[in-house]
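# Coordinate inspection notes
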Amino acid sequence: MWDRNSLVSVTQLSRSDIEEILSVASSFVREPRELCKGKILANIFFEPSTRTEKSFQSAMYRLGGQVLTHKDAGSSREKGETKEDTIRILAGYADIAVIRDDEEGQIMRYAALAGVPAINAGDGSNEHPTQSLLDAFTIMQEHGRLENLRIAFLGDLKYGRTVHSLMKVLSLFPGNEMYSITPSSLTLPAEMRFIEAGHYDVENMEKALNEIKPDVVYCTRVQKERLKGEKGSYIMHREILEALPTTCRVLHPLPRSNEINADMDSDPRVIPFKQARNGVPVRMAVISMMLKAKKELE
Ligand code: CP
């Protein structure tokens, strides 16, 4: 069971923890409540972000709380201050910390250093737990279930941290079949391959999607900032989209490069912007549940 003191990996969550987070998030969509008045959230970002940083900020504002934000530019990091000291200082000014790191492997230690409840906002190519929760929330909204789904993960599954977290989340629900469609150099890390029901090379994307008949296509961006000599590209052309089942939904954590052209955004199956908006209620749920567990809230 989730201790609610940190959320650094989705492996801390059971199926019932996830169901509870999504249920609390739904309640915030119906009825926002200012549960965090007087509380401060520290957004500590060592890597660029638009959605994660701003949706945590929006979530805390909607909960009645306040936010302070760290970015390296303009901070004493430019004078050589360590990430460790920066986290200890910022978290010391706050009741809960959100930390994004450009490297994998350190987030557990950083969360412990914070001394307040801490949330992983993405660590290198490892995990992005709250993104996977908002992805699951979106799938639940669209399909009414998180089980017995056929999901095609498309693109960079080697470095795509959102995929790593979402696959682990969906593996907790029975009957899900998860397929990967990737360039040969960007397949899932070996330790995660047991989750796949099948793998296709991206050269055969059209054939793969025709065979899989997915309920969800989860597209990702090539993580150019993490590539170590690998190359990869993939584009969901209109003809491929047209061939998908009418009930299929195409998700993308964004930002996108050219994987889904903007001229496809009007197709009701293509929902990355709706998905991104779900970041607010889901993060409201995570923040309030963690602060409540620390008896910080009434
Ligand atoms: N989906 C996501 O993590 O986007 P940002 O990098 O903009 O936060």
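Our subject is the structure listed above.
The structure contained in this document is the topic of the report that follows. (Residues numbered from 1 in each chain as written. Predicted model: local features only at pLDDT ≥ 70, side-chain atom pairs only at ≥ 80, totals over all residues. Heavy atoms only, no water.)

## Topic: the overall build of the protein chain
Rules: Elements are defined by DSSP. Helices are runs of H or I of four residues or more, strands are runs of E of two residues or more, and each kind is numbered from the N terminus. Atoms considered for the radius of gyration are the C-alpha atoms alone. The globule rule reads 2.2 Å times the number of residues to the power 0.38. Each residue gets one of three labels from its accessible area relative to the maximum for its type: buried under 20%, exposed over 50%, partly exposed in between, using a 1.4 Å probe on protein chains only. The contact criterion used throughout is that any non-hydrogen atoms of two residues lie within 4.5 Å. The sign given to each residue is positive for Lys and Arg and negative for Asp and Glu; His and the chain ends receive no count. Lys charges are placed at NZ, Arg charges at CZ, Asp charges at CG and Glu charges at CD.
Scanning the protein chain for helices and strands turns up 10 helices and 10 strands. Computed over C-alpha atoms, the radius of gyration of the protein chain comes to 19 Å, within 12% of the 19 Å expected from 2.2 N^0.38 for 298 residues, which places it in the range of a compact globule. When burial is assessed residue by residue, the protein chain has 57% of its 298 residues classed as buried. Intrachain contacts of the protein chain at a sequence separation of at least 6 include 71% that bridge at least 24 residues. Charge centroids of the protein chain, computed over 39 positive and 42 negative side chains, lie 3 Å from each other.

## A word on the pairing of strand β6 (residues 150–154)
For clarity, the cut-off: Note on pairing: two strands pair once DSSP finds at least 2 bridges between them. Crossovers are marked right-handed if the path from the first strand over the helix to the second runs clockwise, as seen with the strands pointing away from the viewer.
Across the 5 residues that make up β6, a large majority, 4, are buried. As paired elements, β6 and strand β7 (residues 177–182) share 5 bridges and run parallel to each other. Bridging from a neighbouring strand, I151 pairs with M178 of β7. With respect to chirality, the unit in which β6 leads through helix α6 (residues 161–170) into the neighbouring parallel β7 is right-handed. Direction of pairing for β6 relative to strand β9 (residues 216–219): parallel, over a ladder of 4 bridges.

## Comments concerning the sheet that holds strand β2 (residues 40–45)
The condition that has to hold: What counts as an axis is a line fitted to C-alpha atoms, over the stretch in contact for a helix, and the angles between N-to-C directions run from 0 to 180 degrees.
An order of β1-β5-β4-β2-β3 is seen for the 5 strands of this open sheet, with the pairing classed as parallel. Because the sheet does not close on itself, it has two edges, and the strands there are β1 (6–7) and β3 (66–71). Pairing of strand β4 (residues 96–101) with strand β5 (residues 118–123), which is carried by 4 bridges, proceeds in the parallel orientation. Bridging across to β5, A97 finds its partner in A118. Lying on the sheet, helix α2 (residues 51–62) is in contact with β2, β3, β4 and β5; it crosses β3 at an angle near 160 degrees. Contacts between helix α3 (residues 83–92) and the sheet are confined to β2, β3 and β4, with β2 contributing the most and set at about 165 degrees to the helix.

## Section: the pairing of β5
Within β5, 6 of the 6 residues are buried, which leaves the element mostly enclosed by the surrounding structure. Bridge count for β1 against β5 is 2 bridges, and the pairing is parallel. Looking at β5, one finds that L7 is bridged to I119. One crossover worth recording links β4 to the parallel β5 by way of helix α4 (residues 107–114), and it is right-handed.

## Overview of the site of the ligand
Using the following cut-off: One heavy atom within 4 Å of a molecule or strand is enough for the residue carrying it to be called near that molecule or strand. Whenever two N or O atoms come within 3.5 Å, that pair is a polar contact, provided that in protein one can donate a hydrogen and the other can accept it, and provided that, for residues adjacent in sequence, both atoms are side-chain atoms. The protein chains shown are the only cover counted for residues, whose accessible areas, like all others here, come from Shrake-Rupley with a 1.4 Å probe. Classification used: nonpolar for Ala, Val, Leu, Ile, Met, Phe, Trp, Tyr, Cys and Pro, charged for Asp, Glu, Lys and Arg, polar for all others including Gly. Delimitation of the domains relies on an automatic or database domain assignment.
The environment of the ligand is formed by S49, T50, R51, T52, R100, H128, Q131, P253 and L254. Backbone polar atom of T50 to an oxygen atom of the ligand: 2.8 Å apart, as the coordinates give it. Take R100: an N or O atom from its side chain is 2.9 Å from an oxygen atom of the ligand. Surface burial for the ligand is 91%, taken as the share of its 250 Å² of free accessible area covered by protein chains. Residue composition of the shell around the ligand, grouped by class: 2 nonpolar, 5 polar and 2 charged. Two domains share the shell around the ligand, each providing at least three of its residues, namely domain 1 (6–128 + 279–297) and domain 2 (129–277).

## Concerning the sheet that holds β7
Strand order in the open sheet made by the 5 strands is β8-β7-β6-β9-β10, with parallel pairing throughout. Bordering the open sheet on either side are β8 (196–201) and β10 (249–251), each of which pairs with just one other strand. Taken over all neighbouring pairs, the strand axes of this sheet differ in orientation by 20 degrees on average, direction set aside. Sheet strands touched by helix α5 (residues 129–143): β9 and β10. Its angle to β10, the strand with the most contacts, is close to 165 degrees. Running at roughly 165 degrees to β6, α6 makes contact with β6, β7 and β9 of the sheet.

## Let's talk about the pattern of salt bridges
Which entries qualify depends on this criterion: In what follows, salt bridge is the name for a side-chain nitrogen of Lys or Arg lying within 4 Å of a carboxyl oxygen of Asp or Glu.
Considering all chains together, one arrives at 21 salt bridges under this definition. A salt bridge links R15 to E19; its shortest N-O distance comes to 3.0 Å. Remark: E19 and R15 occur in helix α1 (residues 15–30); sequence separation between them is 4 residues, near one turn of the helix. In this structure R15 comes out as partly exposed when scored by relative accessible area, which is 30%. In this structure E19 comes out as partly exposed when scored by relative accessible area, which is 36%.

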